[in-house]
Amino acid sequence: QVQLVESGGGLVQPGGSRRLSCAASDTSFRLNTMGWYRQAPGKQRESVAIITPAGSPNYDGSVKGRFTISRDNAKKMVYLQMNSLTPEDTAVYYCHIIRSTIWGQGTQVTVSS
């Protein structure tokens, strides 16, 4: 079974940037639509961005224009570049294979001064 490992989380000041990475363990990665999700304390997990195997992105309205999802199929990686971060972006961010039960373990992003 494919495994996903996220990295790149941490403490960021408001207005700052952070790049999250997700590494997949299997070459079938290139066939999958991938997504970044996040879950803030006391809230449900929500979709942030998804990207098709061909690289077409789609964003939730709250992050559109600030976040960029990308992928490198050769490296089996998907990325989330986050700019202009606000405290409302504080959450655990998860990598997910769309239409599967496969999730990464999550990486914490905290936006605070």
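Heads up: these notes are all about the structure in this document. In this numbering scheme, every chain counts its residues from 1 along its sequence in written order. With the structure being a predicted model, the display of local features is reserved for residues of pLDDT at least 70 and the display and counting of side-chain atom pairs for 80 or more, all residues being used for whole-chain, interface and lining totals. By convention in this description, side-chain values take in all heavy atoms of the structure and omit both hydrogens and water.

**Regarding the pattern of salt bridges**
- Salt bridge, as used here: a side-chain nitrogen of Lys or Arg that lies within 4 Å of a carboxyl oxygen of Asp or Glu. A complete count under the given rule lists 3 salt bridges for this structure.
- Residues Glu46 and Arg38 are paired through a salt bridge, measuring 2.7 Å at the closest nitrogen-oxygen approach.
- Relative accessibility thresholds used throughout: buried, under 20% of the residue-type maximum; exposed, over 50%; partly exposed, between the two (1.4 Å probe, protein chains only). Residue Glu46 is classed as partly exposed on the basis of its relative accessible area of 34%.
- What makes Arg38 buried here is its relative accessible area of 6%.
- With a closest N to O distance of 2.9 Å, Arg38 and Asp89 form a salt bridge. Within this pair, whereas Arg38 is found in strand β4 (residues 34-39), its partner Asp89 is found in the loop between β8 (77-82) and β9 (91-97), the two being separated by 51 residues in sequence. For the pair Arg38 and Asp89, one class covers both residues: buried.
- Residues participating in the shared-partner salt-bridge network are Arg38, Glu46, Arg66 and Asp89. Helical segments are the DSSP runs of H or I of at least four residues, strand segments are the runs of E of at least two, and each set is numbered from the N terminus.

**Some thoughts on the pairing of β9**
- Along β9, 6 of the 7 residues are buried, which leaves the element largely enclosed by surrounding structure.
- Here the rule is simple: two strands pair whenever DSSP picks up at least two bridges between them. Pairing of β4 with β9, which is carried by 6 bridges, proceeds in the antiparallel orientation. Paired with Met34 across the strands is Ile97, a residue of β9.

**Some thoughts on the sheet that holds strand β6 (residues 57-59)**
- Ordered by their spatial adjacency, 6 strands build an open sheet running β2-β10-β9-β4-β5-β6, and the pairing between neighbours is mixed. In this open sheet, the two edge strands, each paired with only one partner strand, are β2 (10-12) and β6. Taking the axes of each pair of neighbouring strands and ignoring which way they run, one obtains an average angle of 25° across the sheet. For helices, the axis comes from a line fit to the C-alpha atoms of the stretch in contact; other axes are also lines fit to C-alpha atoms, and the angle between any two N-to-C directions lies between 0 and 180 degrees.

**A word on the sheet that holds strand β1 (residues 4-7)**
- The sheet built from 4 strands is open, its strands ordered β1-β3-β8-β7 with antiparallel pairing. Of all the strands in the sheet, the pair left with one neighbour each is β1 and β7 (67-72). Pairwise comparison of adjacent strand axes, ignoring direction, gives a mean angle of 15° for this sheet.
- Inspection of the sheet shows β1 paired to strand β3 (residues 18-24) by 4 bridges, in the antiparallel sense. Note on β3: the bridge partner recorded for Val5 is Ala23.

**Observations regarding the environment of Ala24**
- Its place among the elements puts Ala24 in strand β3.
- With 37 residues separating them in the primary sequence, Ala24 and Gly61 have C-alpha atoms 26 Å apart.

**Regarding the packing of aromatic side chains**
- Aromatic pairs are defined between Phe, Tyr and Trp rings, using the six-membered ring for Trp, whenever the two ring centres lie within 6.5 Å; interplanar angles under 30 degrees are classed as stacked, those over 60 as edge-to-face, and all others as tilted. Scanning the entire structure with this criterion turns up 2 aromatic pairs.
- Seen in terms of ring centroids, Tyr94 and Trp103 are 6.4 Å apart; in terms of plane orientation they differ by 85°. Their pairing is edge-to-face.
- Each member of the aromatic cluster is reached from another via a ring pair, and the members are Tyr37, Tyr94 and Trp103.
- Seen from the ring of Tyr79, Arg19 lies directly overhead, with NZ or CZ sitting 3.9 Å from the centre.
- Across the ring face of Phe29, the terminal group of Arg71 is positioned such that the distance to the ring centre comes to 4.6 Å. Charge-over-ring contacts are defined here by two conditions on Lys NZ or Arg CZ: a distance within 6 Å of the ring centre and an angle within 35 degrees of the ring normal.

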